[in-house]
Every structure is written in C-alpha cells, then in structure tokens.
Amino acid sequence: MTIDIIEELRAELRDCVFTSAERKTLELELAELIRQRDEALAAGEGGISPLVLHLRRHRR
C-alpha cells in the first residue's frame, strides 16, 4: 500500500544520514508519492502507483 511506503520513506529521512543530493532525491520521491496517493484517493482508486513499484525494486 502506498501509505506504508510513504511512512517508510519518512522514517528513512528522519533516521538516516544522507548526502544533500540523496536527501533531495528522497524528498522529491516522497512528495511525488504523496501527490499520487492524494490523487488516487480523490479518484477513489486504491492501486499501487508505478513509482511505488519502482521504489520497492530499488530500495537499499
């Protein structure tokens, strides 16, 4: 579920040390996930976005 991934990204941003570039990338990904979640909720959809699937495949 998108909400779980959003919470995981928030935790990573809170608890990990990243370079400025890494942090900026994660913040942008988080903002995009939130945008997609809000858009899906507004449309009444509950599916996983392509971005979430991408992030799951490329997690550290």
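Reading guide: rules and limits
- Throughout this document, residue positions are counted from 1 along each chain, in the order its sequence is written.
- For this predicted model, a pLDDT threshold of at least 70 governs which residues receive local features, and a threshold of 80 or more governs which side-chain atom pairs are given and counted, while totals over whole chains, interfaces and linings are taken from all residues.
- Remark: hydrogens and water are excluded; side-chain values derive from all non-hydrogen atoms of the structure.
- The predictor attaches a confidence to each residue, called pLDDT, with possible values from 0 through 100.
- A run of H or I in DSSP becomes a helix once it reaches four residues, and a run of E becomes a strand once it reaches two; helices and strands are each numbered from the N terminus.
- The criterion is simple. A nonpolar core is a set of buried Ala, Val, Leu, Ile, Met, Phe, Trp, Tyr and Cys residues joined through side-chain atoms within 4.5 Å.
- To sort residues, take the accessible area from a 1.4 Å probe on protein chains only and compare it with the maximum for the residue type: under 20% means buried, over 50% means exposed, and anything in between is partly exposed.
- In this analysis, two residues are considered to be in contact whenever any of their non-hydrogen atoms come within 4.5 Å of each other.
- We count a salt bridge whenever a side-chain nitrogen from Lys or Arg sits within 4 Å of a carboxyl oxygen from Asp or Glu.

## Brief notes about the confidence of the model for the chain
- With 68% of its residues at a pLDDT of 70 or more, the chain has an overall mean of 76.
- No element of the chain has a lower mean pLDDT than helix H3 (residues 50-57), which averages 63, and none a higher one than helix H2 (residues 20-43), which averages 85.

## Observations regarding the nonpolar core
- Listed in full, the 8 residues of the largest apolar core are Ile-5, Ile-6, Leu-9, Leu-13, Phe-18, Leu-26, Leu-30 and Leu-33.
- Elements supplying a minimum of two residues to this core: helix H1 (2-15) and H2.
- When residues in this core are grouped by element, the largest group, 4 residues, is from H1.
- For Leu-13, the residues in contact, after removing those within four places along its chain, are Phe-18, Arg-23, Leu-26, Glu-27 and Leu-30.

## Structural notes on the pattern of salt bridges
- Within this structure, the stated rule accounts for 4 salt bridges.
- For Glu-32, the salt bridge identified is with Arg-35, shortest N-O distance 2.6 Å. Of this pair, Glu-32 and Arg-35 both sit in helix H2, separated by 3 residues, roughly a single helical turn.
- Overall, Glu-32 belongs to the partly exposed group, its relative accessible area being 28%.
- On the basis of relative accessible area, Arg-35 is assigned to the partly exposed category, the value being 41%.
- Each member of the salt-bridge network shares a partner with another, and the members are Glu-32, Arg-35 and Glu-39.

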